[in-house]
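Structural overview
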Amino acid sequence: MSDKSPYPRKVRNELRFRELDVLRVERISAGFQRIVLGGDALEGFSSQGFDDHTKVFFPETGTRVIPPEVTEAGIIWADGVRPQARDYTPLYDAVRHELALDFFIHDGGVASRWAINARAGDTLTIGGPRGSLVVPEDYAWQLYVCDESGMPALRRRLEGLQRLTSRPEVRAIVSVTNPAVKDYLAPLTDFTLDWIIGHDQQALAARLAQLTVPEDDYFIWLTGEGDTVKNISAVFNNQDQQRVRSVAYWHQK
């Protein structure tokens, strides 16, 4: 890839809401619960970006969320109340026609509680992805930085890079509270992951300061807690910002 290679490109999707069936519930790691969804409503699902966001709407106990109507005037919910929602990385298997969502399990939080109690036969309503950022896989030098919230997107990306015949130079730095969650990325044996335990922002900044970004042919992905992302993004202010993607996945209250 040369310095004239394509930048990441945006793709828009038709906004659709889907009520899907829970097919399986799998504890795939010490810290992550996988919910596998399916059903006829999954027809036409598209997710072209590794860090796409699907909006997930959580029902009150003993109820279900009826998908809203999309009109020219906006999105109309049946009872006029928008359910609680969170964004999750869609892991879509087109061959099996299944959609997996990997939930980081932690104390508190509507999403974590729902995932722990989910059972096959339950339903879950999702919306989107509304669009995708399609990032070429063959940038020669790539950097990925995340915490637990970004680990599903990182896993999706690295699984894609593992399939390349000519593999780029990849650096991945992951900040976690509990080292036990490292097993979520254990299948990615082709990559060396740099772990920071304790969400130490100073340690993260120090690791990034040691890196030398090439003059061209690179991509940088920075995600995690909002203030952290803002601070570490400053390290790369001199880089081509079309090759730097920084996204806050959550905000400390």
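Refer to the structure above for everything that follows.
Let me begin by describing the structure that accompanies this report. (Residues numbered from 1 in each chain as written. Predicted model: local features only at pLDDT ≥ 70, side-chain atom pairs only at ≥ 80, totals over all residues. Heavy atoms only, no water.)

**A word on the packing of aromatic side chains**
Aromatic ring pairs are reported here in terms of the distance separating the ring centres and the angle at which the planes meet. Counted under the stated rule, the structure contains 16 aromatic pairs. Between Phe45 and Tyr92, the aromatic rings sit 5.1 Å apart at their centres with planes inclined by 55 degrees, giving tilted as the arrangement. Remark: Tyr92 occurs in strand E8 (residues 91-93) and Phe45 occurs in the loop between strand E3 (32-38) and strand E4 (54-58); sequence separation between them is 47 residues. Its relative accessible area of 27% is what places Tyr92 among the partly exposed residues. (Phe/Tyr/Trp six-rings, centres within 6.5 Å; stacked < 30°, edge-to-face > 60°. Helix = DSSP H or I, 4+ residues; strand = E, 2+ residues; numbered from the N terminus. Buried < 20%, exposed > 50% of the residue type's maximum accessible area, 1.4 Å probe, protein only.)

**Examining the pattern of salt bridges**
Summed over all chains, the structure comprises twelve salt bridges. Taking the shortest distance from any N to any O, the salt bridge between Asp51 and Arg245 comes out at 2.7 Å. One end of the pair, Asp51, is in the loop between E3 and E4; the other, Arg245, is in strand E16 (residues 244-250), with 194 residues separating them in the sequence. The residue Glu159 makes a salt bridge to Arg155 at a minimum N-O spacing of 3.2 Å. Taken together, the residues Glu159 and Arg155, both in helix H2 (residues 151-162) and four residues apart, mark about one turn of the helix. For Glu159, a relative accessible area of 32% corresponds to the partly exposed category. (Salt bridge = Lys/Arg side-chain N within 4 Å of Asp/Glu carboxyl O.)

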